[in-house]
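Report on the structure
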Amino acid sequence: MILSNEEVVAHSGALMHTYGRWPVAMVRGEGVWLWDADGNQYLDFAAGIAVTILGHSHPAVAEAIADQARTLLHCSNLFYIPQQVELANWLVNHSALDQVFFCNSGTEASEAAIKLARRWAYHNGVPERSTVITLEHSFHGRTLGALTATAQPKYQEGFGPLLGGVRHVPVGDVKALEEALDGTVCAVMMEMVQGEGGVMPVPTDYVQEVRALCDRRNVLLVIDEVQTGMGRTGTFFAYEQFGVEPDICTLAKGLANGVPVGAVLAKRPVAEAFVPGSHGSTFGGNPLAMRAALATVEVVEKERLWEKAARRGAYLRGRLANALGNHPHFREIRGMGLMIGVVLDEGASQVAEACLKRGLLVTVAGGNTVRLLPPLIVEEPEIDMAVERLSAAMHDVFGRE
Ligand SMILES: *Cc1c(COP(=O)(O)O)cnc(C)c1O
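Note that the structure is predicted; figures quoted are calculated from it, not measured. (Residues numbered from 1 in each chain as written. Predicted model: local features only at pLDDT ≥ 70, side-chain atom pairs only at ≥ 80, totals over all residues. Heavy atoms only, no water.)

A few words now on the site of the ligand. Looking at the ligand, the residues that line it are S105, G106, T107, F139, H140, G141, E191, D224, V226, Q227 and K253. In this structure, an oxygen atom belonging to the ligand sits 2.8 Å away from a main-chain N or O atom of T107. Contact between the ligand and F139: a nitrogen atom at 3.3 Å from a main-chain N or O atom of the residue. Starting from 390 Å² of accessible surface for the ligand in isolation, the protein chains cover 82%. (Near = heavy atom within 4 Å. Polar contact = N/O pair within 3.5 Å; in protein donor to acceptor, adjacent residues only side chain to side chain. Areas by Shrake-Rupley, 256 points an atom, 1.4 Å probe, with all protein chains shown as cover.)

Structure representation (structure tokens):
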């Protein structure tokens, strides 16, 4: 049964309306391209939301998934899972961290990171250190713990009471952080580039001050790399460009090119606070997700996709500045690597809709930011095409001002 876009939308009443969806049903993807149920073709500069870093239907990932599905799809964590061991070793060898816990999503990774930070304090005989400090405009996920950590009222509205033990501070304000870092704090948790918040890189000197303060006060630094990790910003982890190392770090979105997976990495003395029974997941680290992730990281490494993200990101920014720099509604370009925000003074959602109609997929982030998150395999002609479609969409919305 092949349904059209319209028919799929018409039959969708059994779904909870948790998303503001475009009236388009995607049915197939290849590389940077997606096709909807009516056969329309789109240039995908959203990549899910920073998920399909190798593009759609990557043959190495598809083959790994098919092979693993035929061999062993699931096995509980009461046993060792070879692919889990292999992926943990890969991540440890490519990061500043020593041990890994696998879960199934970004929000679960945030939850595990918060639990680990608290457990570390408990393990060290200071259980009163249970508070986690996060930054204004942050996004750490939608489950109750991660939602409490997320310092954006629009995500929290109507879900109170939220959990305790979280304090928010303004980005860049060292004094405010110093005051918030009292004897009840176990960790500071932050993104290096606030993605959902509007593609806002956190200032490097501030990140370094946070690291130094954490060291002085014996507080953990948790870096949320759910969106920025996997080469997206031009290095495998974004933290590499800020001159700091986290004590705990999370990954998810791009890790398995679309198969749900999340990971928490930690320095050994921190990770040791988790003992058998203290945390777990039925599906976390299952053979299918691990195989998909292994196939993904192999391609990332072989093609050095973080370097490509840096180069293509610089090219994309240059093209955007050229095409939009003089537009009266254009404000600035923010971001790192292939995580780019085009900030407008108004109308970002309308521009995103006009892009869709012109066959370009983008997402909208905080403020009036059109966010571009193409797959890391994107080539220059595709970038040219995307910039052309985006500037045409700007004219559709604002006219030729
Ligand atoms: C998307 C995101 C999350 C949540 O990931 P989910 O897989 O949607 O739960 C957490 N942190 C950051 C920085 C994200 O961008």
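The subject of this paragraph is the packing of aromatic side chains. Geometrically, a pair of aromatic rings is defined through the distance of the ring centres and the angle of the planes. Inspection of every chain in the model, using the stated rule, returns 5 aromatic pairs. When the centroid spacing of 5.1 Å and the interplanar angle of 20 degrees are considered together, the rings of F237 and Y239 count as stacked. For the residue pair F237 and Y239, the accessibility class agrees, reading buried in each case. The structure contains a cluster of three or more aromatic residues connected by ring pairs, namely W90, F236, F237 and Y239. (Phe/Tyr/Trp six-rings, centres within 6.5 Å; stacked < 30°, edge-to-face > 60°. Buried < 20%, exposed > 50% of the residue type's maximum accessible area, 1.4 Å probe, protein only.)

Before going further, it helps to spend a moment on the sheet that holds strand β4 (residues 99-103). One open sheet accounts for 7 strands, arranged β4-β12-β11-β10-β7-β5-β6; its pairing is mixed. The outermost strands of the open sheet, each flanked by one partner alone, are β4 and β6 (166-169). Taking the axes of each pair of neighbouring strands and ignoring which way they run, one obtains an average angle of 20 degrees across the sheet. As defined by bridge partners, strand β11 (residues 248-251) adjoins strand β12 (residues 262-266) across 4 bridges and the pair is classed as antiparallel. (Pairing = 2+ DSSP bridges. Helix = DSSP H or I, 4+ residues; strand = E, 2+ residues; numbered from the N terminus. Axes fitted to C-alpha atoms, helices over the stretch in contact; angles between N-to-C directions.)

Another aspect to go through is the UniProt feature "binding site: N(2)-acetyl-L-ornithine" (unreviewed entry) in the chain. Mapped onto this structure's residue numbering, the UniProt feature "binding site: N(2)-acetyl-L-ornithine" (unreviewed entry) falls at R142 and S281. In this fold, R142 is placed in the loop between β5 (131-135) and α6 (144-149). Accessibility expressed as a relative area gives 57% for R142, which makes it exposed. Relative to the elements of secondary structure, S281 occurs in the loop between α10 (268-271) and α11 (287-302). Each residue touching S281, except ones within four places of it in the same chain, is listed here: N77, F101, F102, N104 and E108. (UniProt positions renumbered as here; feature names shortened; annotations may be inferred. Contact = heavy atoms within 4.5 Å.)

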